[in-house]
Protein chains: 2
Amino acid sequence: MDRRQVKTRKAVFEAFVGLLEEKGYPDITVQDIIDRADIGRSTFYSHFEVKEDLLNVLCEEIFAHAFSKHPAKEVTHDFSERDGFKDELTHILYHMRDSRDYIRSILSSESGDVFMRYFKDHLREVFGRCRPAVPDGVPGDYAMEHSVCWFAETVRWWMDNEGYSPEEVMGLFCRYCQLQRP
Amino acid sequence: MDRRQVKTRKAVFEAFVGLLEEKGYPDITVQDIIDRADIGRSTFYSHFEVKEDLLNVLCEEIFAHAFSKHPAKEVTHDFSERDGFKDELTHILYHMRDSRDYIRSILSSESGDVFMRYFKDHLREVFGRCRPAVPDGVPGDYAMEHSVCWFAETVRWWMDNEGYSPEEVMGLFCRYCQLQRP
DNA sequence: TTAATAATGAACACTATGTTCAGTATCTTA
DNA sequence: TAAGATACTGAACATAGTGTTCATTATTAA
């Protein structure tokens, strides 16, 4: 990729994140971004179609990173399976903690909805592999939504309640959600 | 209130709800509303500051209605307390079911976030009175968020999964959330 | 060195917003 | 039912942001 493009993209994202920290997403205009990134108007539009693209790309980036697997902790089978998933989720929490500043500003406005949607989509994939306990008579997708939504909401709660370690948060989450089958 | 004002407000809300059913909230412009309600531009602005006002008022209306207490089922004390809350929640579900069409279109776009926020705010008040079971070592507000978020998400799930009665949904919810203290 | 590619910025058309105001219609109440 | 208050109308206007175009300049990769 051309250095110039890389430089431009970087400037845009830095401007965007900076703006996110000082005003809500809906109040940010393309003009703001252009001014702050100090690039030409046409340059912006040659990189992105609309403002929403930025948010999407940013979310994709955050989650691609947070949900990346570290080979050392690959799931094998049987007993270790539950701990494998627990580790995977804890790993995600570590990433979330490190991006707390970004995430808080994203969550504090309309853009939070987009963020949560991405988050849940990724979580569905993870919990789809994990398949937590489903009580009798409960529709599978409803049970799935419980795990997914509650994990996402747990993170949202955590972002506003500092002072808990990822492991502690994981412990809290597990009080409401059994990760192994009955 | 002047009949003319009532008529105008009604026309605006009917237009707004109609538009909500055929396009997403962010795509609706003030112009659309004016055209559909068939009122003058300046009339709209003498009633509302911005488009967001409409959504807020609409949500307030939906929830004021859904959370209104019916005197017959007032909570008394002790044993009946749990059932009282259960009835209250089921009552809310009935209202939600009746407004399903509105609610689905609100939920299907950015406006869903606003809706969910109002919903949760009202639910916090209800669950604040109910005080569901809090497991040892779990922060009170975290436990509260579980009840609140999960009830709201249950409704969101239900809106897209027809075929369950309010009582059945309440039953599902209770599989994940104890309404009485341990 | 050079051909390809990217960035610039000014100009432009367009869409939606929100305000103003003089004129008209409709209400209330005396 | 007449009079004064209040609400609606619609056209005109200023403003702001969007997204496009294009000739020019700068940077890059080979």
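An account of the accompanying structure is given in this report. (Residues numbered from 1 in each chain as written. Chains lettered and ligands numbered in written order. Predicted model: local features only at pLDDT ≥ 70, side-chain atom pairs only at ≥ 80, totals over all residues. Heavy atoms only, no water.)

### Here's the deal with the packing of aromatic side chains
And step 1. What the rule picks out here adds up to 36 aromatic pairs over all chains.
And step 2. Ring centres of Phe16 of chain A and Tyr25 of chain A lie 6.2 Å apart, and the angle between their planes is 80°; on these two criteria the pair is classed as edge-to-face.
And step 3. With relative accessibility at 0%, the residue Phe16 of chain A sits in the buried group.
And step 4. Residue classification places Tyr25 of chain A among the buried residues on the basis of a relative accessible area of 6%.
And step 5. Here Trp157 of chain B and Tyr164 of chain B contribute two aromatic rings whose centre-to-centre distance is 5.3 Å and whose plane-to-plane angle is 45°, an arrangement assigned as tilted.
And step 6. Given the relative accessible area of 6%, Trp157 of chain B is considered buried.
And step 7. The ring of Trp158 of chain B has Arg100 of chain B sitting right over it, with the charged end atom 5.3 Å from the ring centre. (Phe/Tyr/Trp six-rings, centres within 6.5 Å; stacked < 30°, edge-to-face > 60°. Buried < 20%, exposed > 50% of the residue type's maximum accessible area, 1.4 Å probe, protein only. Lys NZ or Arg CZ within 6 Å of the ring centre and 35° of its normal.)

### Here's the deal with the interface of chain A and chain B
And step 1. Of the residues lining the interface, 26 residues belong to chain A; the matching set on chain B comes to 26 residues.
And step 2. The largest contributions to the chain A side of the interface with chain B come from Tyr142, His146 and Tyr176 of chain A, which together make up 29% of the buried area.
And step 3. Remark: the boundary between chain A and chain B carries two salt bridges.
And step 4. Here Glu153 of chain A ties to Lys120 of chain B by a salt bridge, and the two come within 3.2 Å at their closest N and O atoms.
And step 5. The interface formed by chain A and chain B includes 12 residue pairs in polar contact (both at pLDDT 80 or more).
And step 6. The dominant element in the side of chain A that touches chain B, judged by the number of residues it contributes, is helix H8 (residues 140-159) of chain A, at 11 residues. (Contact = heavy atoms within 4.5 Å. Buried area = accessible area lost by both parts, 1.4 Å probe. Salt bridge = Lys/Arg side-chain N within 4 Å of Asp/Glu carboxyl O. Polar contact = N/O pair within 3.5 Å; in protein donor to acceptor, adjacent residues only side chain to side chain. Helix = DSSP H or I, 4+ residues; strand = E, 2+ residues; numbered from the N terminus.)

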